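What follows is the residue order along each chain.
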Amino acid sequence: MFETNKTTSGGCDEADPVMDLKIDFDKANSRVFLTWSKVECASYYRVEYRSALSPDHAWQQVERTTKEFSFDIIPRNNEMRLYRIVSVIE
């Protein structure tokens, strides 16, 4: 993890940050498999990526999910992808 948008709250005013993102590659099926542990109080997770650390590269949404996993494609042309999972409370 290189960035978080949350501070640990210890309550339900705000969903805690995802702290244990794991990324695996399934090259045979050209997929990236992301997993993390359930976050207390999160209503859903927003899975996002960007292709560089530069502020010129905006975060792109992969999906919004209530599960603790997500799939993405392996990008073509060796494009780098940096992932983050945003825990959201409604």
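Throughout this description, residue numbers start from 1 for each chain and increase along the sequence as written. Where local features are concerned, this predicted model is filtered to residues with pLDDT of at least 70; where side-chain atom pairs are given and counted, the filter is 80 or more; whole-chain, interface and lining totals use all residues. The side-chain quantities take in all heavy atoms of the structure and omit both hydrogens and water.

## Quick look at the side chain of R50
Just so we agree on the cut-off: A run of DSSP states H or I qualifies as a helix once it reaches four residues; a run of E qualifies as a strand once it reaches two. Both are numbered from the N-terminal end. Only protein chains enter the accessibility calculation, which uses a 1.4 Å probe; a residue whose area is less than 20% of its type maximum is buried, one above 50% is exposed, and one in between is partly exposed. Identification of polar contacts relies on pairs of N or O atoms within 3.5 Å, with a donor-acceptor requirement for protein atoms, meaning one able to donate a hydrogen and the other able to accept it, and with residues adjacent in sequence counted only if both atoms are side-chain atoms.
Mapped onto the elements, R50 comes out in strand β3 (residues 44–50). For R50, a relative accessible area of 10% puts it in the buried group. Among the polar contacts made by the side chain of R50, one reaches the main-chain carbonyl oxygen of A52 at a distance of 3.1 Å.

## Focus: the environment of N29
Checked against the element boundaries, N29 lands in the loop between β1 (22–26) and β2 (31–35). Residues N29 and I73 lie 44 residues apart in sequence; the distance between their C-alpha atoms is 8.8 Å.

## A short note on the nonpolar core
How we decide: The term nonpolar core refers to a set of buried residues drawn from Ala, Val, Leu, Ile, Met, Phe, Trp, Tyr and Cys, joined through side-chain atoms within 4.5 Å.
V18, V32, L34, W36, V39, Y45, V47, Y49, Y83 and I85 form the largest nonpolar core, which has 10 residues in total. Secondary-structure elements contributing two or more residues to this core are β2, β3 and β6 (82–88). With 3 residues, β3 is the largest single contributor of residues to this core.

## What to know about the sheet that holds strand β5 (residues 69–73)
Strand pairing in a sheet relies on backbone hydrogen bonds. The paired strands run either parallel or antiparallel. What counts is decided by this rule: For two strands to be treated as a pair, DSSP must find at least two bridges joining them. Orientation is described by lines fitted to C-alpha atoms, with helices fitted over the stretch in contact, and by angles between N-to-C directions that extend from 0 to 180 degrees.
Taken in spatial order, the 3 strands line up as β1-β2-β5 in an open sheet, and their pairing is antiparallel. Strand pairing shows two members of the sheet lacking a second neighbour, β1 and β5, which therefore form its edges. The mean inter-strand angle of the sheet, taken between neighbouring strand axes irrespective of direction, is 25°. Sheet analysis places β2 next to β5, joined by 5 bridges and oriented antiparallel. Paired with T35 across the bridge in β5 is F69.

## Focus: the sheet that holds β3
Taken in spatial order, the 3 strands make up an open sheet running β4-β3-β6, and their pairing is antiparallel. What marks the edges here is a single partner per strand, and that holds for β4 (60–65) and β6. Between one strand axis and the next, the sheet turns through 20° on average, direction left out of account. Bridge count between β3 and β4: 5 bridges; the pairing is antiparallel. Residue pairing in the sheet places Y45 in a bridge with T65 of β4.

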